[in-house]
Amino acid sequence: MRNNENLSTTIRRYYRVQSKIYDLTRPFFLSGRRKILEETIGLTPIQKILEVGCGTGANFHNTLKKYPESKVLGLDLSEDMLSKALKKVKKFKNRVDLVQGMFPECLNDKNKFDMILFSYSLSMMGLEVDSAIKAAQRRLENGGLIAVVDFCETSFKTVKCWLGLNGVTIDGTIEKSLSKYFAPVMVKKEIVFMGLWKHIRFVGRKV
Ligand SMILES: C[S@@+](CC[C@H](N)C(=O)[O-])C[C@H]1O[C@@H](n2cnc3c(N)ncnc32)[C@H](O)[C@@H]1O
């Protein structure tokens, strides 16, 4: 619990400033966010979607467009990121709800979803990655999908350090835990950002 509190405080403090420049700066290096949504199309009927760590809501437009019958719950622990998301939500006419809190504690097990999206949020969860992925499995309907895009590997120490300074851990845990709790439907690793790192896109099914 103590670890979680520290992590939550650190992330919220980090995004107090970063939220102001987030939407301008991140498109350059958070690649694969559009692709991961495309890669989930047609796999299962999807109406209820949870995005864990939705941040400023950068994925809402694409998610709602790809899934015209869906409703999205966006969850994030940073009030500053959510205040940016709130501005976007207004134009989506009741299709997006927002919740402020730390995943998984802030959602009860009765809330089940057809798809849970983690877009560059798992890499910020430090030691809690495995338990977050396990919790996502509990919160999915049978046959439901987990969709993840995130940092995956780098061979450069300086890149690892720089990501670390920004709260990001890049150590292979995400991939290991995803394969532990989900049946993989699609796994792709792509070298991106001038070859400095790889991202992973993973779609898995709850069986
Ligand atoms: C890099 S941003 C990604 C935002 C958005 N998903 C995107 O693709 O642009 C990571 C977000 O995850 C949130 N986050 C990290 N750990 C979290 C947790 N355990 N529960 C809820 N939100 C979390 C952070 O506050 C931050 O807004």
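Residues numbered from 1 in each chain as written. Predicted model: local features only at pLDDT ≥ 70, side-chain atom pairs only at ≥ 80, totals over all residues. Heavy atoms only, no water.

Asker: Tell me about the pattern of salt bridges, residues and numbers included.
Answerer: Where charged atoms of side chains with opposite charge meet at close range, the side chains can pair. Scanning the model with the defined rule gives 12 salt bridges in all. A salt bridge links Asp130 to Lys180; its shortest N-O distance comes to 3.0 Å. Of this pair, Asp130 sits in helix α6 (residues 129-138) while Lys180 sits in helix α8 (residues 173-181), and the two are 50 residues apart along the sequence. For Lys180, a relative accessible area of 56% puts it in the exposed group. Here the salt bridges share partners, and the residues they tie into one network are Lys35, Glu39, Lys188, Glu190 and Arg201. (Salt bridge = Lys/Arg side-chain N within 4 Å of Asp/Glu carboxyl O. Helix = DSSP H or I, 4+ residues; strand = E, 2+ residues; numbered from the N terminus. Buried < 20%, exposed > 50% of the residue type's maximum accessible area, 1.4 Å probe, protein only.)

Asker: Describe unusual backbone geometry, listing the residues and the values that go with them.
Answerer: Most peptide bonds take the trans form, and the phi angle of most residues other than glycine is negative. Here the residue pair Phe103 and Pro104 is connected by a cis peptide bond, since its omega of 5° sits within 30 degrees of zero. Position of Pro104 relative to the elements: it lies in the loop between β3 (96-100) and β4 (113-119). Even without being a glycine, Tyr120 presents a positive backbone phi close to 55°. Structurally, Tyr120 can be placed in the loop between β4 and α6.

Asker: Go over the sheet that holds strand β7 (residues 197-205) with me, naming the residues and quoting the values.
Answerer: Strand order across the open sheet formed by 7 strands is β3-β2-β1-β4-β5-β7-β6, with mixed pairing between neighbours. Lying at the two open borders of the sheet, with one neighbouring strand each, are β3 and β6 (183-192). Strand-to-strand, the axes of this sheet are offset by a mean angle of 15°, without reference to chain direction. As paired strands, strand β5 (residues 140-153) and β7 are joined by 8 bridges and run antiparallel to one another. Of the residues in β7, the one forming a bridge with Asp150 is Ile200. Its contacts with the sheet place helix α5 (residues 79-89) against β2 (71-76) and β3, and it is angled at close to 170° to β3. Those strands touched by α8 are β5, β6 and β7, and its axis lies near 165° from that of β5. (Pairing = 2+ DSSP bridges. Axes fitted to C-alpha atoms, helices over the stretch in contact; angles between N-to-C directions. Contact = heavy atoms within 4.5 Å.)

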